[in-house]
Amino acid sequence: MDGHVLFFLTFVFLAITATSESLRRQKRIVGGIQSAPPPEDDPVVFVNRNNRNARVIGTRDPKKGFYVFRGIRFGEPPVGRSRFQRPRPVRLEGEYNATSWGPPCPQPSPEDSDQVIGVEDCLYLNVFTPALPDAGDGYPVLIWIHGGGFRIGAACQYEMRNLIKKKMVVVSIQYRLGSLGFLSTGTKELPGNNGMFDMVLAVDWVKNYIGYFGGDPKKIVAIGHGSGAASALMLSLSKLTKSYFSGLIAMSGSVLSHFAVDKDPLSTAKTIASSNGCPIEDVPEMVRCLQELPVEKLVAVESRLARLKSAAQGFISGISNLLGPGPVIEGSDDNRYLPNFMSETPESALKLGNFPKIPLLTGVVKDETGGAITGKYKKEIEGKLQTVKNFLNKDLVESLQSKIPVFGNQTQRFVPEEFGRYLETLGFNGNGKDVRKVAGMMDDALFNAPAFLTAQHWSNKAKAFLYSFDHQGKRHYGKNFLAGLPIIDAKNPDDDTTGHGDDLGYVFDRNTIFGKEIPDDPKDEEDDKVTEAFTDMVANFARSGDISSPATKAQNLISAFSPTDNSFVSITSKPESQKNFRYCEMALWTGLTERLQSTSCNLYKITVDTVKELAKGAEQIVDVVESPVTGIGNVVNGFVPAKSLAKENAGNQEKQLVNVPESKLIKPLIPKLTGLGLFG
């Protein structure tokens, strides 16, 4: 063999061996002093990268056996002239104490929005790992991006015990919030998206260092909730993190959500600047003025403006809109020869297939907005139902339609007469019950449609999974994780539905915004089963890009989403694979007119006509369609005869239905429904 070839092969072998050995737990030279090898359960990680050595000291949970490394700095403090600038990286070097949480980023206090908590020096992350590295490939890695409307939240709120026991490494990251992270004029002096660049820097850190903590840098999944879910998807669309991820998980949020992108950043920036007494015509002067403001004043002004905007624009704005600065579309050139984070709209990226070919898991909870609609916003909605003519089928529908994403030049074809059937089938009568039905409409327009459209477009290129969190349990923890978010603060405390953010309690244990543990509620067997099934699904997805879970006992029935059958998983204590996610409702909201002509969606017309036919010449009318066709696609679920013994409005007169046998209610419908193929 040629000597040069032999030398090259020997060099490659030694390099591979050295790389493998570098991740094993052995003694290192730190600061020129030889350190003793760590005991097996010692929470110490040794790093040797780019000629920098580090010894990172964490903690170990003696009962659970996992390791936690808290408050690791990944970015230089973005203070002074570095405020509103892209973050600069920090490399691990020397001895590092990672036993305490990093402080939250500046934000309004969850107890009093007029108070400000947190500090600007907040670019920290936390690493949770089931075991320290050996010679293996490492565990799959989840990068957790907290939600909060880009204005609130902290990484330390989320404890990862439920995920770690599934043999995964989890990294929770922080990023600048509000104006500090997202203020933008669309110019080179203030291009925006600094909070997104914080996330990019954190992902870079994970890619570089996670192998030393037991993770596999080739299996990194970005996961987030709400605005964090939108952020995870944005990261995957950015060229800056191209090929970084092996999968994405988006909970109750999407890059298509109405709160994902600030569509008028200049107006937002000028309002905040002028409210702080800063010039608005000269952008460099405006930036300098804002850089010199006390952070407390900056955040306080944001909070005041958010309250004013929410009050002025009503309940839809409070639930669906950005109430402060958010991510922006920068374009291809920032006039500084620096790469931008996001150069095209999410709609364009999804339509053109400009996203990585990696699996996506996305979903919603069954009643995202219900608690808020029956809570703080109830009186406002009831007032409009009673005083505004055609409020439901005109004002409300048109307002919600404007929140639905439109792809390219294609105009959504909304069909007013179909919405009329939709509302009639729902049984809108202008009374108090309609408030709950308004929540169903808002769920469809603001959460279900973005999730549906994201899965639909993603499935054209890669595998996509859709879920609906349908469990009605006792862990209403959205109030802990997302306090300060209007949809959370408005929730009726007596409403026991699982609303926005409550699903987080089935994945994470709770801490306060400063990382202090919140005691667990009493154990509930059904809730524990849901946690087991949900985290199994997440873990299997992180490992294999599939969601089949032993907890479901139905692995072969779980299939990926497709535009034809719209498969999804209904998550309860016994998860089940189902088809036709909100089939007719999604047709209504996203303009799929061909679906509205199908026999399934003719149910709207058939049920209304049949009810009228049954009512002819009768003293009483039967409400056989008290609830709409549900999300599982089983149109028979639209009929609830047992619940129909109630007051109903017929001919503008309220009459009482008494003792009508259920068989007499359903039998007249069977021939019509059988003809449509809905039975047998």
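Anything mentioned here points back to the structure above.
What you see is a predicted model; the values in this text were computed from it and never measured. (Residues numbered from 1 in each chain as written. Predicted model: local features only at pLDDT ≥ 70, side-chain atom pairs only at ≥ 80, totals over all residues. Heavy atoms only, no water.)

Visitor: Please clarify how the environment of Ala455 should be interpreted in this entry.
Guide: Along the chain, Ala455 turns up in helix H15 (residues 434-458). Accessibility expressed as a relative area gives 0% for Ala455, which makes it buried. Separated by 106 residues in the primary sequence, Ala455 and Phe561 place their C-alpha atoms 6.8 Å from one another. If we ignore the near neighbours within four places in the chain, the residues touching Ala455 are Thr362, Ala464 and Phe561. (Helix = DSSP H or I, 4+ residues; strand = E, 2+ residues; numbered from the N terminus. Buried < 20%, exposed > 50% of the residue type's maximum accessible area, 1.4 Å probe, protein only. Contact = heavy atoms within 4.5 Å.)

Visitor: Before we go on, may I ask you to explain the environment of Leu360 in this structure?
Guide: With respect to the helices and strands, the residue Leu360 is situated in strand S16 (residues 360-365). Considered as a pair, Leu360 and Ala462 are 102 residues apart in the sequence and their alpha carbons are 7.8 Å apart. Beyond its immediate chain neighbours, meaning those up to four positions away, Leu360 contacts Leu233, Leu248, Thr454, Trp458, Lys463, Ala464, Phe465 and Phe541.

Visitor: Even after reading the chapter, I still don't get unusual backbone geometry, so can you show me in this structure?
Guide: Glycine aside, a negative phi is what most residues show, and trans is what most peptide bonds show. If you check the backbone angles, Ser243 has positive phi at about 70° while not being a glycine. Summarising the element assignment, Ser243 is placed in the loop between helix H5 (227-237) and strand S15 (247-251). The residue Ser252 is not glycine, and still its phi comes out positive at about 50°. Tracing the chain through its elements places Ser252 in the loop between S15 and helix H6 (265-275). Classification of Ser252 as buried rests on a relative accessible area of 1%.

Visitor: What is the right way to look at the sheet that holds strand S7 (residues 94-97) in this model?
Guide: Strand pairing within a sheet occurs via backbone hydrogen bonds; the two strands may be parallel or antiparallel. Spatial ordering of the open sheet is given by S3-S4-S7, a layout of three strands whose pairing is mixed. Of all strands in the sheet, those bounded by a partner on one side alone are strand S3 (44-49) and S7. Taking each pair of neighbouring strands and ignoring which way they run, the sheet shows an average axis angle of 20°. Sheet analysis places S3 next to strand S4 (residues 52-57), joined by six bridges and oriented antiparallel. Within S4, the position partnered with Asn48 by the bridge is Asn53. (Pairing = 2+ DSSP bridges. Axes fitted to C-alpha atoms, helices over the stretch in contact; angles between N-to-C directions.)

Visitor: Which parts of the structure should I look at to understand a positive patch on the surface?
Guide: A cluster of basic residues, Lys63, Lys64, Lys165 and Lys523, forms a positive patch at the surface. If you trace the backbone, Lys64 turns up in the loop between strand S5 (59-60) and strand S6 (67-73). Among the residues examined, Lys64 registers a relative accessible area of 58% and is labelled exposed. (Patch = residues over 30% accessible without salt bridge, like charges linked within 9 Å, V, L, I, M, F, W, Y side chains within 5 Å. Areas by Shrake-Rupley, 256 points an atom, 1.4 Å probe, with all protein chains shown as cover. Salt bridge = Lys/Arg side-chain N within 4 Å of Asp/Glu carboxyl O. Lys, Arg positive; Asp, Glu negative; His and termini not counted. Charge placed at Lys NZ, Arg CZ, Asp CG, Glu CD.)

Visitor: What's the story with the pairing of strand S14 (residues 215-225) in this structure? I'm lost.
Guide: For a regular strand, the rule is simple: side chains alternate between the two faces of the sheet. Most of S14 sits inside the fold, with eight of its 11 residues counted as buried. By the bridge criterion, six bridges tie strand S11 (residues 139-145) to S14 in an arrangement that is parallel. The residue of S14 that forms the bridge with Val141 is Ile220. Pairing of S14 with S15, which is carried by five bridges, proceeds in the parallel orientation. Residue pairing in the sheet places Ile223 in a bridge with Ile249 of S15.

Visitor: Would you take a moment to explain the packing of aromatic side chains for this structure?
Guide: For any pair of aromatic rings, the description consists of the separation of the ring centres together with the inter-plane angle of the planes. The full count for this structure, using the stated rule, is 19 aromatic pairs. Seen from their ring centres, Phe150 and Phe182 are 5.1 Å apart, and the 65° between their planes marks the pair as edge-to-face. Within this pair, whereas Phe150 is found in the loop between S11 and strand S12 (158-159), its partner Phe182 is found in helix H3 (residues 178-182), the two being separated by 32 residues in sequence. A residue is classified by how much of its surface remains accessible, and Phe150, at 0% relative accessible area, is buried. (Phe/Tyr/Trp six-rings, centres within 6.5 Å; stacked < 30°, edge-to-face > 60°.)

Limitation: the analysis is restricted to geometry and does not speak to function.
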